[in-house]
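Coordinate inspection notes
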Amino acid sequence: MARIQLRNLSKRWGSFVGLKPMNLDINDGEFLVLLGPSGCGKTTTMRMIAGLEDASEGDIMIGERRVNDLEPKDRDIAMVFQSYGLYPTMTVYENIRFPLKVRGIPQAEHHDRVMRAAAAVELNEFLERKPAALSGGQRQRVALARAIVRKPKVFLMDEPLSNLDAKLRVSTRAQIKNLHHELQTTTIYVTHDQIEAMTLADRVVVMSRGEVQQIGTPLQIYDRPANTFVAGFIGSPAMNLIAGEIRGGVFEAANVRIPGFAGVSDGKVTLGFRAEDAGLAPAGEIAAPVYSMELLGDSSMATVQAGGALVAIRAAKNFSAQIGDPIAAHVPAGICHLFDPTTGQRIDRRTVPAGKETA
Amino acid sequence: MTTRIADRRPATLQILLSGFLILWLIVAAFPFLWTLWGSFKVEGDFFSKADWMNAITGPLTQAQTGSSMTGDGYYGAWVQEEFWRAALNSLIVVVAVVCISLTFGTLGGYALSRSPYRYAFWLLLVALVFRAMPPITLVSGYLLPFFEWNLWGHLPTAIIVLVAINQPFTLWMLTSFFRNIPKELDESAMVDGCSRFQAFRHVIIPVMWPGVITTGLFSFLLAYNDFAVTAMLLSKENQTMIPKIASFLGTTQTAGNVMFAVSSVVSVTAPLFVLVMFFQRQIVSGLTAGAVKG
Ligand SMILES: Nc1ncnc2c1ncn2[C@@H]1O[C@H](COP(=O)(O)OP(=O)(O)OP(=O)(O)O)[C@@H](O)[C@H]1O
Ligand SMILES: [Mg+2]
């Protein structure tokens, strides 16, 4: 177990920047999730920590040791690859045992440890099979077992659930969470699925285009997105973002008029709020004809056009309206987030009116 | 119940297909079967001017040796003319060539397939150019220095030249086999505690086995069938089988020598059958390795 520090870690291929300088301090035993859209540099970051890719600049510390110049095998990590990387010529048993064998752990311990790791991921029935004779979910569990058979300082997992169906994903997710609770090993987990990030993480690092956008607990990221990218990426549906202008404490855009922004200087801003924080009302801050209606099961989502964007508002599941019907939504200033329209950065308001934000 | 796709074909098509296959088999196998049969006859029968049927019935063989089949050709070639010495030389050359080519080929092919650099591509391209050159052009270049340094006529010299001729091809073939093995495999081995070489040795080579066998077989065939290099570079005492056969043919004045050639041709071909039969599983999976994802 160990603390991991990344200091100004960056990666370049020729003139292409894969990862902009990144600073991160991961605590001992923490479960850290790297979250971001495809191609944002998550895998690159993880591969640099594993030693499979050289860092262009910066330092990687595992424990108190700088590991930049160490071979992967000397970094004392275990990794679960996106495509599993199981050894096709070995049985499941041999696959799980392989790390023990090459690291020269006494033969006598092997059997016990393999059986324990296999039991932890419920693989005991498949030990004699070759990976080719396993389903995706089973292969996934072999990869997990191979990682936990040793007690490494760090677990690295690269989208380990991406090839599983929705149901298996939920159960394997729970398995991973439970394993982490038991082993208390520092874990870095890569995903582009925000639900995975939210459910598993102690802290989430949101990345975009090789750049860290925000680091925080899942709740912080959900409640106080640092910029419009995070706001638009986290949540389902993502936060509504409306471009408009504040004048005299009142936000205005087409079909939108929200008072209550006293203390915010006048000018253009981007306003954001979550569909589930707003509600329909007989008369409200947003009034527009229905653009579309979607039934989600536990509720329904009404979409209207406001401020040049589509804005979703949550409604009761039995709410029904025809396209074109005028509706209105209650969007108090308290549930709103303000962002700088050019940089996209969050504008913090000192005077936070009573509302959800403080909850 | 499982019905195979083949069982669902209409009967006429089935017959047509089988007929074609059998025909093809006969056409392909005929030269060898003819030679095999003829090798047990005397020259007068196998190369009969009177009637080609004599090669089958063998009246002269009957007259000369007292039986319609004779092992004289084999006895003459193997014992009198010491074809066994040539066979031994061939064995040495072939084993050495295959081992050396595969050692360099697997190591080099692995390195090239994993190299992130451009020059890996150019190296392979240059290798292809060298492969495309007729071997004899290389030999003529070697001849003079080998004479000067007194290297001419020794088996190791032929081995080195054959390896040199063979290596580009081995490198190409093995590189493409290695490329088909996902990089994650080496990477997970290295994370699991292997050095680069251990990953190669414990994880990659077992997966590569069919590829190594297939490439090894091609190297074997090149060395085994080579005439240009071995005929030029080896002295009479050190000859391998193919030049030896050629020398049997080259002296038709002496009766019976052509039959030595025929019997040694059969002797040379027989091991090939055994070899292909023995390794057929690996060869098939090697040849189709790229087609199916592991
Ligand atoms: N060897 C390479 N040479 C050049 N560019 C590369 C190389 N490897 C990755 N990249 C680029 O670096 C960027 C980040 O890649 P990375 O694999 O880290 O993405 P990711 O966040 O893991 O995405 P995904 O969710 O799709 O796996 C991508 O734009 C990719 O094209
Ligand atoms: Mg990735």
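I will try to describe carefully the structure that is included in this document.

What counts and how
- Residues numbered from 1 in each chain as written.
- Chains lettered and ligands numbered in written order.
- Predicted model: local features only at pLDDT ≥ 70, side-chain atom pairs only at ≥ 80, totals over all residues.
- Heavy atoms only, no water.
- Helix = DSSP H or I, 4+ residues; strand = E, 2+ residues; numbered from the N terminus.
- Buried < 20%, exposed > 50% of the residue type's maximum accessible area, 1.4 Å probe, protein only.
- Contact = heavy atoms within 4.5 Å.
- Lys, Arg positive; Asp, Glu negative; His and termini not counted.
- Charge placed at Lys NZ, Arg CZ, Asp CG, Glu CD.
- Near = heavy atom within 4 Å.
- Polar contact = N/O pair within 3.5 Å; in protein donor to acceptor, adjacent residues only side chain to side chain.
- Areas by Shrake-Rupley, 256 points an atom, 1.4 Å probe, with all protein chains shown as cover.
- Nonpolar A, V, L, I, M, F, W, Y, C, P; charged D, E, K, R; others polar.
- Salt bridge = Lys/Arg side-chain N within 4 Å of Asp/Glu carboxyl O.
- Patch = residues over 30% accessible without salt bridge, like charges linked within 9 Å, V, L, I, M, F, W, Y side chains within 5 Å.
- Buried area = accessible area lost by both parts, 1.4 Å probe.

1. Details of the overall build of chain A
In terms of helices and strands, chain A carries eight helices and 21 strands. Viewed in the frame of its principal axes, chain A has a C-alpha envelope of about 75 × 45 × 35 Å. When each of the 359 residues of chain A is scored for burial, the buried share is 52%. For chain A, long-range pairs separated by at least 24 residues make up 64% of all intrachain contacts whose partners lie at least 6 apart in sequence. In chain A, 41 side chains carry a positive charge and 39 a negative one; their mean positions are 3 Å apart.

2. Quick word on the site of ligand 1
All names here are of chain A. Lining the immediate surroundings of ligand 1 are Trp13, Phe16, Ser38, Gly39, Cys40, Gly41, Lys42, Thr43, Thr44, Glu159 and His192. Gly39 is positioned with one of its backbone polar atoms (N or O) 2.7 Å from an oxygen atom of ligand 1. The protein chains hide 61% of the 640 Å² of surface that ligand 1 would expose on its own. The leading source of residues in the shell around ligand 1 is helix H1 (residues 42-50), at three residues. Taken together, the residues of the shell around ligand 1 sort by class into three nonpolar, six polar and two charged.

3. With respect to unusual backbone geometry
Residues and elements named next belong to chain A. Of note, the amide linkage connecting Ser236 to Pro237 takes the cis form, showing an omega dihedral of 0 degrees. Within the fold, Pro237 resides in the loop between helix H8 (228-233) and strand S11 (240-247). Of note in the backbone geometry, Tyr84 takes a positive phi value of approximately 70 degrees without being a glycine. Within the element layout of this structure, Tyr84 appears in the loop between strand S6 (77-80) and helix H2 (92-102). Phi at Gln184 is positive, roughly 55 degrees, even though this residue is not glycine. Residue classification places Gln184 among the partly exposed residues on the basis of a relative accessible area of 33%.

4. Focus: the pattern of salt bridges
Inspection of the entire model under this criterion finds 22 salt bridges over all chains. With a closest N to O distance of 3.0 Å, A:Asp25 and A:Arg3 form a salt bridge. Of this pair, A:Asp25 sits in strand S2 (residues 16-26) while A:Arg3 sits in the segment before strand S1 (4-13), and the two are 22 residues apart along the sequence. Overall, the relative accessible area of 32% leaves A:Asp25 in the partly exposed class. On the basis of relative accessible area, A:Arg3 is assigned to the partly exposed category, the value being 32%. A salt bridge links B:Asp186 to B:Arg114; the shortest N-O distance between them is 2.7 Å. Taken as a pair, B:Asp186 in helix H10 (residues 183-192) and B:Arg114 in helix H6 (residues 83-114) lie far apart in primary sequence, 72 residues in all.

5. Looking at a nonpolar patch on the surface
Residue and element names in this part refer to chain B. A cluster of nonpolar side chains, Trp37, Trp52, Met53, Ile56 and Met69, forms an exposed patch at the surface whose accessible area comes to about 490 Å². Relative to the helices and strands, Trp37 resides in helix H1 (residues 11-38). On the basis of relative accessibility, which here comes to 39%, the residue Trp37 falls in the partly exposed class.

6. Topic: the interface of chain A and chain B
Between chain A and chain B, the contact holds 20 residues from the first and 15 residues from the second. Note on chain A versus chain B: buried area summed over both sides is about 1,600 Å², and carbon and sulfur give 66% of it. Along the contact surface separating chain A from chain B lie two salt bridges. Residues B:Asp192 and A:Arg146 are paired through a salt bridge, measuring 3.5 Å at the closest nitrogen-oxygen approach. The interface formed by chain A and chain B holds nine residue pairs in polar contact (both at pLDDT 80 or more) in total. Those elements that provide at least two residues to the side of chain A that touches chain B are S6 and H2 of chain A.

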